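Examining the three-dimensional arrangement
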Amino acid sequence: MEAKKILFINTEIEPFVAENQHSLMGRMIPQAIQELGHEIRTFSPKWGNINERRNQLHEVIRLSGMNLIIDDTDHPLIIKVASLPSAKMQIFFIDNDDYFMKRGILTDKEGQEYTDNAERAIFYVRGVLETVKKQGWVPDVIHCYGWAAALAPLYVKKAYYDEPSFRDVKVVIEVSPKEFQNDLGAENAKLVDYKEASYDDIKELCETSFSHSDLLKMGVKFADGVIVENNEVDPAIIDYAKSLNLPVLAPVEGDAFKQAYSDFYETLF
């Protein structure tokens, strides 16, 4: 495969957060793709449980400073960066005091899911795309992984379709088993409105509910390809992807995912 530029929009990355399936793969997938010779950029939310001093995060002043308007409210966008020397990777973090400071990934200290998780995901995805645009970097493929990244295909294809950084990009969404339990609130889906990205684009999927499966289907609807993380993924999501005639990569065992993912990217061109 010809070397390509791959943008990874992740939800969790180990070792910045505790090791689990998503955080571990959030590190391993970009690392593996880079080792195959591709150029990568990798993003994560700056969750409140990420220790900035221990992980040596620092703010990128030239990229920070803009405001994102969500639900008629300005939210400052802060960009931070850290390195993983062992993997020869640099990780960019999207931060905001209201959405991420002193707040967990999905739940508070009592284990209650935050009622604004949909809004947090919207801010994160828009923050990534604005940052990449500001960097002037032009990815060939965007790989979206985890609940916080699921709305990226909608924004890439509708709100940023005419931006030079994203005009010709292919978007892959990796769909996962259920990551949260509570409904995100059908009314919160209306907060996606930005430029040409509209609630009307996703209304059919979330008019009465905004579940984990609904969220992933929103990503699938605007993706160019779908990767199935494992056999525990809701079959309705896979069926929906196939109904749209999208290429679907079935779960891959062990380290074989490295070459399989790279080859899958190539099939999109």
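Our subject in this report is the structure included herewith. Because the structure is a prediction, the values reported are computed rather than measured.

Structural notes on the environment of Ile40
Topologically, Ile40 is positioned in strand β2 (residues 39-45). Those residues in contact with Ile40 that lie beyond four places of it in its chain are Ile6, Phe8, Pro30, Ile33, Gln34, Met89 and Trp137.

Here's the deal with the sheet that holds strand β3 (residues 58-59)
The nine strands lie next to each other as β3-β6-β7-β2-β1-β8-β9-β10-β11, forming an open sheet whose pairing is mixed. Edge positions in the sheet fall to β3 and β11 (248-249), since each has one partner strand and no second. Note: β3 against strand β6 (residues 78-84), two bridges, orientation antiparallel. Bridge pairing links Glu59 to Lys80 in β6. Along the sheet, helix α5 (residues 212-221) makes contact with β9 (170-175) and β10 (225-228), crossing β9 at roughly 155°.

Some thoughts on the pairing of strand β8 (residues 141-145)
Burial within β8 is extensive, with five of its five residues counted as buried. Burial of the side chains of β8 extends over both faces: Val141, His143 and Tyr145 are buried on one face and Ile142 and Cys144 on the other. Two elements, strand β1 (residues 5-9) and β8, share four bridges in a ladder whose sense is parallel. From the neighbouring strand, Phe8 faces β8, where its bridge partner is His143. Sheet analysis places β8 next to β9, joined by five bridges and oriented parallel. Considered in β9, the bridge of Tyr145 is made with Glu174. Running through helix α3 (residues 152-159), the crossover from β8 to the neighbouring parallel element β9 is right-handed.

Calculation criteria
- Residues numbered from 1 in each chain as written.
- Predicted model: local features only at pLDDT ≥ 70, side-chain atom pairs only at ≥ 80, totals over all residues.
- Heavy atoms only, no water.
- Helix = DSSP H or I, 4+ residues; strand = E, 2+ residues; numbered from the N terminus.
- Contact = heavy atoms within 4.5 Å.
- Pairing = 2+ DSSP bridges.
- Axes fitted to C-alpha atoms, helices over the stretch in contact; angles between N-to-C directions.
- Buried < 20%, exposed > 50% of the residue type's maximum accessible area, 1.4 Å probe, protein only.
- Right-handed = clockwise from strand over helix to strand, strands pointing away.

By themselves these figures say nothing about function.
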